[in-house]
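In case you want the letters, here they are:
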Amino acid sequence: MKLTLIHHIAIIVSDIQAAKDFYVNKLGFEIIRENYREQRKDWKLDLSLGEGPGAIELEIFAESNPPRRVSRPEACGLRHLAFYVEDVEAAVAELAKLGIECEPIRYDEYTHKRMTFFFDPDGLPLELHE
């Protein structure tokens, strides 16, 4: 078997409208499809960022009353999603205009690039990395 790309990342959210506003209107993802799944009593929102095989696809599931995400101490599993940007300072300024606060920009000692973190409406850490 030869794995070549990540096809999608799935996340669970507590509020479909807040998630849609955040990922679509603020971060620029495009809606592929949105469906209410009657048998599961939840919403599934498929989003895409970019084009072609390198596009990032998010599957967002909105369930009623999902358990809160553990943040400290960190639990096993997904730690954060990281997005590449050409200029972290410019991206932080854009997010600030949208009312999204970022942590202070810091230097990654391994990649030798600048980075910062911010959070989605449910507290999922998201990283910007040059």
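See the structure printed just above.
My aim in this report is to walk through the structure given alongside it, one point at a time. From a predicted model like this one, the values you see are computed outputs, not experimental measurements.

## Regarding the environment of I100
(1) Moving on: Mapped onto the secondary structure, I100 falls in the loop between α2 (88-97) and β6 (106-108).
(2) Moving on: The class of I100 is buried, set by a relative accessible area of 9%.
(3) Moving on: Sequence-wise, I100 and D87 are 13 residues apart; in three dimensions their C-alpha atoms are separated by 17 Å.
(4) Moving on: For I100, the contacting residues outside a window of four places in its chain are F22, K26, L95 and F118.

## What to know about helix α1 (residues 16-26)
(1) Moving on: Within α1, burial applies to I16, A19, K20, F22, Y23 and V24. Down the axis of α1, the buried side of the element spans an arc of 170°, and every buried residue falls inside it.
(2) Moving on: Two to three positions downstream of the cap, the backbone nitrogen of Q17 sits 3.0 Å from a side-chain oxygen, assigning the N-cap of α1 to D15.
(3) Moving on: Following α1 by one or two positions, G28 adopts a phi angle in the positive range, close to 90°.

## Regarding the packing of aromatic side chains
(1) Moving on: Taken as a whole and judged by the stated rule, the model has 5 aromatic pairs.
(2) Moving on: Ring centres 5.0 Å apart and planes at 85° place the aromatic pair F22 and Y23 in the edge-to-face group.
(3) Moving on: Judged by relative accessible area, F22 falls into the buried class, the value being 6%.
(4) Moving on: The exposure class of Y23 is buried, given its relative accessible area of 0%.
(5) Moving on: Three or more aromatic residues link up through ring pairs in this structure, and these residues are F22, Y23, F29, F83 and F118.

## Overview of the sheet that holds strand β1 (residues 9-13)
(1) Moving on: Judged by pairing direction, the sheet is mixed, and its 4 strands sit side by side in the order β1-β4-β3-β2 without closing on themselves. Looking at the sheet topology across the chains shown, the edges are occupied by β1 and β2 (30-37). The sheet shows a mean angle of 20° between the axes of neighbouring strands, taken without regard to direction.

## Quick notes on the pattern of salt bridges
(1) Moving on: As enumerated under the stated definition, the model contains 12 salt bridges in all.
(2) Moving on: With a closest N to O distance of 3.6 Å, K44 and E59 form a salt bridge. Of the two residues, K44 sits in strand β3 (residues 42-49) while E59 sits in strand β4 (residues 56-62), which places them 15 residues apart along the sequence. Accessibility assignment for this pair places K44 and E59 in one class, buried.
(3) Moving on: It is possible to trace a salt-bridge network through shared partners that takes in R33, K44, D46 and E59.

Conventions adopted
Residues numbered from 1 in each chain as written. Predicted model: local features only at pLDDT ≥ 70, side-chain atom pairs only at ≥ 80, totals over all residues. Heavy atoms only, no water. Helix = DSSP H or I, 4+ residues; strand = E, 2+ residues; numbered from the N terminus. Buried < 20%, exposed > 50% of the residue type's maximum accessible area, 1.4 Å probe, protein only. Contact = heavy atoms within 4.5 Å. Arc of directions from axis to C-beta. Polar contact = N/O pair within 3.5 Å; in protein donor to acceptor, adjacent residues only side chain to side chain. Phe/Tyr/Trp six-rings, centres within 6.5 Å; stacked < 30°, edge-to-face > 60°. Pairing = 2+ DSSP bridges. Axes fitted to C-alpha atoms, helices over the stretch in contact; angles between N-to-C directions. Salt bridge = Lys/Arg side-chain N within 4 Å of Asp/Glu carboxyl O.

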